[in-house]
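Structural description and commentary
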Amino acid sequence: MKFGIIGAGSIGSIISKKLVKNGHDVKIADARGIEHLEGKELTGTPVYVEDVIKNIEVLIISLPIVAIPSIRNIIDQVGKEVIIVDTSNYYPFRDDKIEEIENGMVESVWVSNQLGRPVIKAFNNLLAYTLENGGTSEDTSGRIAMAVAGDDPEQKQVVMDVVNELGFDAVDSGALSDSWRQQPGTPAYCTELTKDELTKALKKANKEKAPLLRDKVIEKFVEEKEVEFSHKDVVNLNREIYNS
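First, a word on scope: everything that follows refers to the structure included in this document. (Residues numbered from 1 in each chain as written. Predicted model: local features only at pLDDT ≥ 70, side-chain atom pairs only at ≥ 80, totals over all residues. Heavy atoms only, no water.)

On to the pattern of salt bridges. In this structure the tally under the stated criterion is 11 salt bridges. In this structure, Asp169 and Arg143 form a salt bridge, with 2.8 Å as the shortest nitrogen-oxygen distance. Within this pair, whereas Asp169 is found in strand E8 (residues 169–172), its partner Arg143 is found in the loop between helix H5 (128–133) and strand E7 (145–148), the two being separated by 26 residues in sequence. No difference in accessibility class separates Asp169 from Arg143, as the two residues are buried. Its salt-bridge partner being Arg214, residue Asp215 comes within 2.9 Å of it at the nearest N-O pair. Given a relative accessible area of 30%, Asp215 falls into the partly exposed group. Three or more residues are tied together by salt bridges with common partners; here these are Asp86, Glu107 and Lys121. (Salt bridge = Lys/Arg side-chain N within 4 Å of Asp/Glu carboxyl O. Helix = DSSP H or I, 4+ residues; strand = E, 2+ residues; numbered from the N terminus. Buried < 20%, exposed > 50% of the residue type's maximum accessible area, 1.4 Å probe, protein only.)

Here you go:
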């Protein structure tokens with residue numbers, strides 16, 4: 001398949017590397033300009049953001065959520081047949097506060113509104129380390145699962161197939177309006193669950209509590225800033241707090 005990726009941070013770069021390894025054609029761009037890709041070790045073809053949208057089947061957007069509105073002019077030029085995937089997560093301490101989300105709008109619904117296009121929500125509920133190192137073959141016991149939400153069943157299935165190919169069980173988490181169940185602060189978020197466990201975690205999510213639990217984890221990191229948290233420590237902390 002032919003993929004375009006906007007965003008060369010940890011998630012975008014890892015997805016690009018894994019897709020190329022699996023034989024896909026991948027172009028990658030930085031929304032700020034191609035010069036921001038210089039010196040980065042990238043797998044995939046670095047291109048201008050205007051070119052990343054040409055002759056592709058799937059466009060993966062891996063940007064801080066606050067940067068999403070800046071690419072609206074690019075998205076307006078994307079073919080209607082192209083599947084657009086949103087990987088973003090909202091953290092008000094890092095991003096500018098977004099009033100609509102603060103008032104309860106689902107993150108990826110806000111993203112879709114900013115882009116003027118339907119999106120599929122995926123690749124947001126696993127840590128970068130997990131995405132890079134946690135993938136296994138389909139028959140592996142205890143295989144880690146990833147949530148995928150969206151309103152178009154065919155587009156969602158394409159993305160779920162890609163998730164499976166990259167080493168993770170895909171769980172259909174519902175419509176885009178249901179994607180809050182895989183946002184920060186929920187039991188499904190960055191807790192490395194199997195398919196059955198993730199399915200249960202998505203049902204267990206509490207929309208009102210999620211922002212409070214999200215901020216509680218961040219406060220823990222700030223309080224213990226002298227502590228060097230391992231990947232396992234982070235996963236366990238998420239499990240402890242997001243299930244409380």
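Another aspect to go through is unusual backbone geometry. A positive phi angle is found at Asn55, which is not glycine, with a value near 55 degrees. Structurally, Asn55 is set in the loop between strand E3 (45–46) and strand E4 (58–61). You can call Asn55 exposed: its relative accessible area is 57%. Here Glu192, not a glycine, exhibits a phi torsion of approximately 50 degrees, which is positive. One can find Glu192 in the loop between E8 and helix H7 (195–204).

Looking now at the pairing of E7. Here E7 shows two buried faces, one formed by Ala145 and Ala147 and the other by Met146 and Val148. Here 4 bridges tie E7 to E8, and the two strands are oriented parallel to one another. Counterpart to Met146 in the pairing with E8 is Ala170. A crossover links E7 with its parallel partner E8, the connecting element being helix H6 (residues 153–165), and its sense is right-handed. (Pairing = 2+ DSSP bridges. Right-handed = clockwise from strand over helix to strand, strands pointing away.)

Strand order in this open sheet of 6 strands is E3-E2-E1-E4-E5-E6, and the pairing throughout is parallel. Whereas interior strands pair on both sides, the edge strands pair on one side only; in this sheet they are E3 and strand E6 (120–121). In the sheet, strand E5 (residues 83–86) pairs with E6 via 2 bridges, with the strands oriented parallel. If you follow Asp86 over to E6, its bridge partner there is Lys121. Against the sheet, H6 touches strand E1 (2–6), E5 and E6, its axis set at about 60 degrees to E5. (Contact = heavy atoms within 4.5 Å. Axes fitted to C-alpha atoms, helices over the stretch in contact; angles between N-to-C directions.)

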